[in-house]
Amino acid sequence: MLARLHLQNFTVFADADFQFSEGLNVLVGTNGTGKSHVLKAGYAVMSLSSSKLQRVDPITVAGALTETLQAVFLPGGLVNLVRDQAEKATANIWAEFDGHKSFEARIMPHQDMEDRLETRVASVQLNPFNLPLTRYGLFIPAKEILSFFNGFRSLYTVREVSFDSTYYDLAIRLGLLPLREIGKAIEVPLQVLQQVMGGSISIENEQVHFVPTGSKKQLPITLYAEGLRKFATLWQLLRNGSLTPETTLFWDEPEANLNPQLLRKLARVLATLARAGFQIILATHSMFLLKELHILSREKDVAKLPIRYFGLNADKPGDPVTVTTEDDFEVLPDIVALDEELEQSGTFLDVLNAND
C-alpha cells in the first residue's frame, strides 16, 4: 500500500503532500493541476518496490528510477519534471509504504563527461522494502487498451511509439494466464463485473474476445462497447491475479467514454473493491462519479466505505498547485466541477423560464 507521496518542486507542485487512505482515493481538479502526474509519480515509485530491487545499492535504484520516470512521463528529459528549471533546481519525491518511510529521491542537474548539463535522479535513500513481488502499482490509463492489444507489446519493444510505458506494462499484465483458483477477496468483485459486462473476456494468442454469459459464441473485442472494455480490463486483471488487495491500483479518468448508467455501475464496482481491501488512487473530472461515490459512502447496513478526496487547485496558470485533503466530499472546497455544474443548472433554468 502506498501510504504517502510527498512531491517537492515536481512538475506543477511546489510542495504537495498526499496521505492516502487504505481504500479509495479520489483526485479532483481542473486540467493542468497535476492529477495524472500524481498517479504516475506514485506508480513509478511503486514500480521499484518489487523484490527485484531489494538487494541493490541506491545508485542502481537511482538509475532505475531515472529510466522509469522517463518511460512513464515521456518528458523529453527529466529537466521538464523539475518545477523551477533554473540550472541548480532540484525536485524531491518521498514515499511511504504501509506507514513506513521507505523511499526518498532527488532529481537534480548533472554535469556529464561531455560537459552537457542533464537532469537525472541523482540520489536515493531507501530502507529495505521487504515487499512481496505483488505489492507494487498497477496503472490503468485513460485510453482503453484491449482494442489494440493484439501485437502492441511487440510493437512497443521494437518501434518508437508515442505511448508511455504504462500502456506496455498494462499489456504485459493483461496477457497473463488466469489463476487456477480464485481467492475470496476477488470473488464478489468478479461477480459484480460479470453482471455489468454481461459476460467475460478471453485472451488467446493475443486475440481478445468477449464471451456473453450462457453463450459459447465469442465476439471480437472491437465489436464490444468501448466503455464496457474498461470493465473487461478490470475483470481480466482480477481474474489473472494481477490486481489483488496487495496491489495499489492507479486509474486515470475511469469515467472516459462511460454514460451515466455505466458510471453508476463503475462507482459500485470501485466501492466493492475498496470495501474488500483494495487500495485505489484515481483521478476524475466527473461530477456524476463524485456524487455517486458520495452516495455510496453514506450507505447503511454495509461496511463503511474508506474514501478520501484530494482537491487540486491553482489560482492562475503557472501558480503552484495546492492540495486540500478531506474524508468528506461535502466539505471539500473549490470543486470546480461542482461550480460549473451549478452555473450550468442556473443558466438552464433561466433559459427554461425565458421560454415559458
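Reading the values: the criteria
- Residues numbered from 1 in each chain as written.
- Predicted model: local features only at pLDDT ≥ 70, side-chain atom pairs only at ≥ 80, totals over all residues.
- Heavy atoms only, no water.
- Pairing = 2+ DSSP bridges.
- Helix = DSSP H or I, 4+ residues; strand = E, 2+ residues; numbered from the N terminus.
- Buried < 20%, exposed > 50% of the residue type's maximum accessible area, 1.4 Å probe, protein only.
- Axes fitted to C-alpha atoms, helices over the stretch in contact; angles between N-to-C directions.
- Contact = heavy atoms within 4.5 Å.

Once that is clear, we can look at the sheet that holds strand 10 (residues 219-220). Taken in spatial order, the three strands line up as 8-9-10 in an open sheet, and their pairing is antiparallel. In this open sheet, the two strands that pair with only one neighbour each are strand 8 (199-204) and strand 10.

Within a regular strand, the side chains alternate between the two sheet faces. Summarising burial for strand 11 (residues 248-252): five of the five residues are buried, a large majority. Residues of strand 11 alternate between two faces, with Thr248, Phe250 and Asp252 on one and Leu249 and Trp251 on the opposite face, all of them buried. By the bridge criterion, five bridges tie strand 11 to strand 12 (residues 279-284) in an arrangement that is parallel. By the bridge assignment, tryptophan 251 is partnered in strand 12 with leucine 282.

To continue, consider the sheet that holds strand 11. Hydrogen bonds along the backbone pair up the strands of a sheet, which may run parallel or antiparallel. Strand order in the open sheet made by the six strands is 7-11-12-3-13-14, with mixed pairing throughout. A strand with exactly one partner marks an edge of an open sheet, and here the two such strands are strand 7 (137-140) and strand 14 (322-326). Geometrically, the sheet is characterised by an average inter-axis angle of 15° between neighbouring strands, direction not taken into account. This element, helix 6 (residues 226-239), spans strand 7 and strand 11 of the sheet and lies at about 160° to strand 7. In this fold helix 8 (residues 287-297) packs onto strand 3 (24-29), strand 12 and strand 13 (307-313), with an angle of close to 150° to the strand it touches most, strand 13.

This part is about the environment of alanine 225. One can find alanine 225 in the loop between strand 10 and helix 6. It is 9.7 Å that separates the C-alpha atoms of alanine 225 and leucine 258, two residues lying 33 residues apart in sequence.

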